[in-house]
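# A closer look at the structure
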Amino acid sequence: MSDAANYKISGLEACFWVSFCLFFDILDALATLLDGFMGIGEILKLIINVVASSILWLWSIIKGVRATWLLAGMMLEFIPFIVNLLPLRTATMIITIYLDWHPKVAGVAKMK
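Residues numbered from 1 in each chain as written. Predicted model: local features only at pLDDT ≥ 70, side-chain atom pairs only at ≥ 80, totals over all residues. Heavy atoms only, no water.

The end-to-end C-alpha distance of helix α2 (residues 40–63) is 35 Å, a good match for the 34 Å that 24 residues give at a rise of 1.5 Å each. Turning to α2, its buried residues are G41, K45, I48, N49, A52, S53, L56, W59 and S60. Tucked inside the fold, the buried residues of α2 contact α1 (11–33), α3 (68–76) and α4 (88–101). (Helix = DSSP H or I, 4+ residues; strand = E, 2+ residues; numbered from the N terminus. Expected span 1.5 Å × (residues − 1). Buried < 20%, exposed > 50% of the residue type's maximum accessible area, 1.4 Å probe, protein only. Contact = heavy atoms within 4.5 Å.)

Written out as structure tokens, the structure reads:
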């Protein structure tokens, strides 16, 4: 049995979810650029963040993935202005996948 059989997140799933996060980070950045138009950007960012965070959190619960870093990234996305331009959701998804694929590192990086 290979080590890949022990991973909760497969390679195909990893590609899909990183693309999913990148898509929503791009939408978030575009909504940030719309902030100058009567607050429409803030409303769009809130909707984008709630939808993306809900889907990602539900996925992590279903998969049984320890998503502490993903949760941190999702919470940071709710901070307005400059933070919305950063791809935090994508970065924390990559960290979550890395920690799933490297359990020894996950033991060292465990948040208390």
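Once the structure has been displayed, the description carries forward.
As a further point, take the packing of α1 against α4. Contact geometry of α1 with α4 gives a least axis separation of 7 Å together with a crossing angle of 165°. Taken as axis vectors, α1 and α4 run roughly antiparallel relative to one another. Classified by chirality, the crossing of α4 by α1 is right-handed. Contacts from G11, A14, W17, V18, C21, L22, F24, D25 and D28 of α1 reach α4 at L88, R89, T90, M93, I94, I97 and W101. In the contact of α1 with α4, the residues fall into 11 nonpolar, two polar and three charged. (Axes fitted to C-alpha atoms, helices over the stretch in contact; angles between N-to-C directions. Parallel < 35°, antiparallel > 145°, perpendicular 65-115°, else oblique. Left-handed = near helix turned anticlockwise from the far one by under 90°. Nonpolar A, V, L, I, M, F, W, Y, C, P; charged D, E, K, R; others polar.)

Let us now look at the pattern of salt bridges. Per the counting criterion, the structure on display carries three salt bridges. K63 is the salt-bridge partner of E13, the closest N and O atoms lying 3.2 Å from each other. Of this pair, E13 sits in helix α1 while K63 sits in helix α2, placing them 50 residues apart in sequence. The class for E13 is partly exposed, based on a relative accessible area of 21%. (Salt bridge = Lys/Arg side-chain N within 4 Å of Asp/Glu carboxyl O.)

On to the nonpolar core, then. I9, W17, F20, L56, W59, L70 and M93 are the most contacted members of the largest nonpolar core, which has 17 residues in total. Of all the secondary structure elements, the ones that give two or more residues to this core are α1, α2, α3 and α4. Considering every element that reaches this core, the biggest residue donor is α1, with six residues. Every residue in contact with I9, bar those within four places of it in the chain, is listed here: A14, W59, V65, I97, D100 and W101. (Core = buried A, V, L, I, M, F, W, Y, C linked by side-chain atoms within 4.5 Å.)

As far as function goes, none of this settles anything; it's purely spatial.
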